[in-house]
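Remarks on the overall topology
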Amino acid sequence: MSPGVPKSPLPIFCSIRADLDRVAADLTGASRIALDIETYGPRKGDGLDPWKGDIRLLTLSRHGGTIWTIDLRATGYELGPLKPVLEQATLIIHNAKFDLLWLRVKCGLFATKVACTLTAARLLAADTKPGNNLDQCLERYLQIPSAADHSRSDWASMLLTEDQLAYAARDVAHLHDLLCVLEGELEMNDLQQVWALESGLLPVVVNMEHTGIRVEREKLAAIAAEADRLAQQAAADLRTALGNPALNPASPSQVLAALRAKGIKLESTAEEALKAADDGTLIPLVLIHREAIKRAQQAEALVGHIKADGRIHGRFEPLGTATGRFSSKEPNLQNIGRGELREAFAVQDGRRLVVADYSQVELRAAAAIAGETRMIDAYKAGADLHKLTASVVLGKPETEVTKGDRQLSKAVNFGLLYGQSAPGLVRYAATSYGVSMKGDQATEIRQAFFRTYSRLRQWHGLSHNQAQAGVTEVQTRTGRRRLIPTTASDWERFTALVNTPVQGGTADGMKQALILIDQRLPQSARIVSTVHDEVVVECHEDAAEQCRGIITTAMVEAMAALFPEVPVEVEANICTTWAEK
DNA sequence: GCTCCCAGCGCG
DNA sequence: AAAGCGCGCTGGGAGC
């Protein structure tokens, strides 16, 4: 540390169990307690794994009070009198999900009230990336110069250095002040509602990550082995057919060159391009290889994430996206293939999964936002909107709409909703729904769609005008903001303007539903996953029917509160695997 | 040996 | 002129 910079105060260091009484006594009755932990252990990816590592220090302080730092390796994880104190207070934490998950895993702490300064900073940043780590926040909001970072120092060593203790103290010393400033900023930006939502959500996410989702290792291993066999076979066949024993079928550049050498005209080796140039022999092999290798990788990756309890504890990031949706990682549980892989997500005897998802929720939200009466009326009448769209864009009565027509109109509804062009629709229909059409047909469909849904067209027109006028931000109905970079093109502004209120708005509804579900579920039931418009709950088989009702009611209630113009529908099934749905 | 970017692709 | 949106993960390939 440079001589001119004053050293941070040292905390009171606690290393015997009797100290816990002193700390508890000091903190009792504090409505807000600043908290931070330091951890050590094997590194997994970017962060540390609470199922493998350990907490070294727990540092706590009431506003303006003593800073206590507890050596949990010395005292043990049993928090004694401190536990109820921490469970009753609002805990101020930078990146609360991280600390609370560790404290749940190690100390069995159930925090219910939390104020996460990282969450606040991210809501304020609204998808700009100013850097939201604690140091950067202290600098931005309290003008405190940054200090040396000891977060990755050796927290396992027998004797901690003065610098380390000072660092631990500093991390909580300013949290109360930081939160005060952040709260003022949140209010000034009309973010109180979404701040309350995200704050209420955090303990729910901690519960979910802590619970994890059960998988069958053998099933996953079998899928991986079979997919790997298929991939090897396709690779071998491809090498033979091309007369190129060294070809790497996973290399786009090699595959492109090899196919071109065989006289196949290709712009790229993307699936869409390959399907358009299908030669009936080589290209199917490439596609089979792609599909199989992907499945094998995904299955193997899932196996690698199974913890000792036989469950996968993926991470869900509530503010991991620009719109307000969750992101999911380590592993990503939001892109699991819909086929056999989901069969591996299975309960034990006596347990059940309730798999619940919103029906066409983005379409309903868009209809509400745009005031698209034709769509709203159709939903109110209980109509099948995909069928209706098929009927109007194809100009045939609903009774004559085929399954293929309905597939087409799914692409139409979901694509055109966000501004897709006619050529884009051709591509999307082909790749996502296996529906082929000509460019001029797509143009006609597009025109018919916006002729029919004229309020949707007006909403797009308004968004287009705003985009051209250089609008810099967009909000969801709960007030969640997304700031549009000044460098964005008109097109990017337009898509942000139409996409965010819909995708972000439904995310807001889903998040509120998760909070309600968590509150209302019986003891034996746990939320184990969520995928944008879907939630998966594990429960005792005897409670499954009851849970199904609770979940359905909560989901409808939460979303309908945000989009009262349109009916909200939820489908919930009781299953033994995620594949049944 | 490491980091970075890209293509490609799984999901909603 | 042309343009669906939102993610995370993987391997290849380039560059250091």
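Reading the values: the criteria
- Residues numbered from 1 in each chain as written.
- Chains lettered and ligands numbered in written order.
- Predicted model: local features only at pLDDT ≥ 70, side-chain atom pairs only at ≥ 80, totals over all residues.
- Heavy atoms only, no water.
- Pairing = 2+ DSSP bridges.
- Helix = DSSP H or I, 4+ residues; strand = E, 2+ residues; numbered from the N terminus.
- Axes fitted to C-alpha atoms, helices over the stretch in contact; angles between N-to-C directions.
- Buried < 20%, exposed > 50% of the residue type's maximum accessible area, 1.4 Å probe, protein only.
- Domains from an automatic or database assignment.
- Contact = heavy atoms within 4.5 Å.
- Buried area = accessible area lost by both parts, 1.4 Å probe.
- Salt bridge = Lys/Arg side-chain N within 4 Å of Asp/Glu carboxyl O.
- Polar contact = N/O pair within 3.5 Å; in protein donor to acceptor, adjacent residues only side chain to side chain.

This paragraph deals with the sheet that holds strand 17 (residues 534-540). Strand order in the open sheet made by the four strands is 16-17-13-18, with antiparallel pairing throughout. Both edges of this open sheet fall to strand 16 (526-530) and strand 18 (570-575), since each of them pairs with a single strand only. Neighbouring strand axes in the sheet, compared pairwise and without regard to direction, differ in orientation by 20° on average. Relative to strand 17, strand 16 runs antiparallel, the two sharing four bridges. When the sheet's bridge partners are listed, Arg 526 is paired in strand 17 with Glu 538.

It is worth spelling out unusual backbone geometry at this point. At the junction of Glu 330 and Pro 331, the peptide bond is cis and its omega measures out at -5° in the coordinates. Looking at the element boundaries, Pro 331 is found in the loop between strand 12 (327-329) and strand 13 (351-358). Even without being glycine, Ala 126 reaches a positive phi, approximately 50°. Locating Ala 126 in the fold gives a position in the loop between helix 5 (117-125) and helix 6 (134-142). The phi angle at Asp 127 is positive, at roughly 80°, despite the residue not being glycine. As for its placement among the helices and strands, Asp 127 is situated in the loop between helix 5 and helix 6. Taking relative accessible area as the criterion, Asp 127 reaches 25% and is therefore assigned partly exposed.

So, on to the domain arrangement of chain A. Partitioning chain A into domains gives domain 1 (12-189), domain 2 (217-305), domain 3 (311-362 + 474-581) and domain 4 (373-452). The C-alpha-based centres of domain 3 and domain 4 are spaced at 25 Å. On the domain 4 side, the residues contacting the 11 residues of domain 3 number nine residues. The contact between domain 3 and domain 4 buries some 920 Å² in all, and 60% of this surface belongs to carbon and sulfur atoms. Seen at the junction of domain 3 and domain 4, the total is zero salt bridges. Put simply, domain 3 and domain 4 have two residue pairs in polar contact (both at pLDDT 80 or more) between them. Among the elements that take part in the side of domain 3 that touches domain 4, helix 21 (residues 490-520) stands out by supplying six residues, more than any other.

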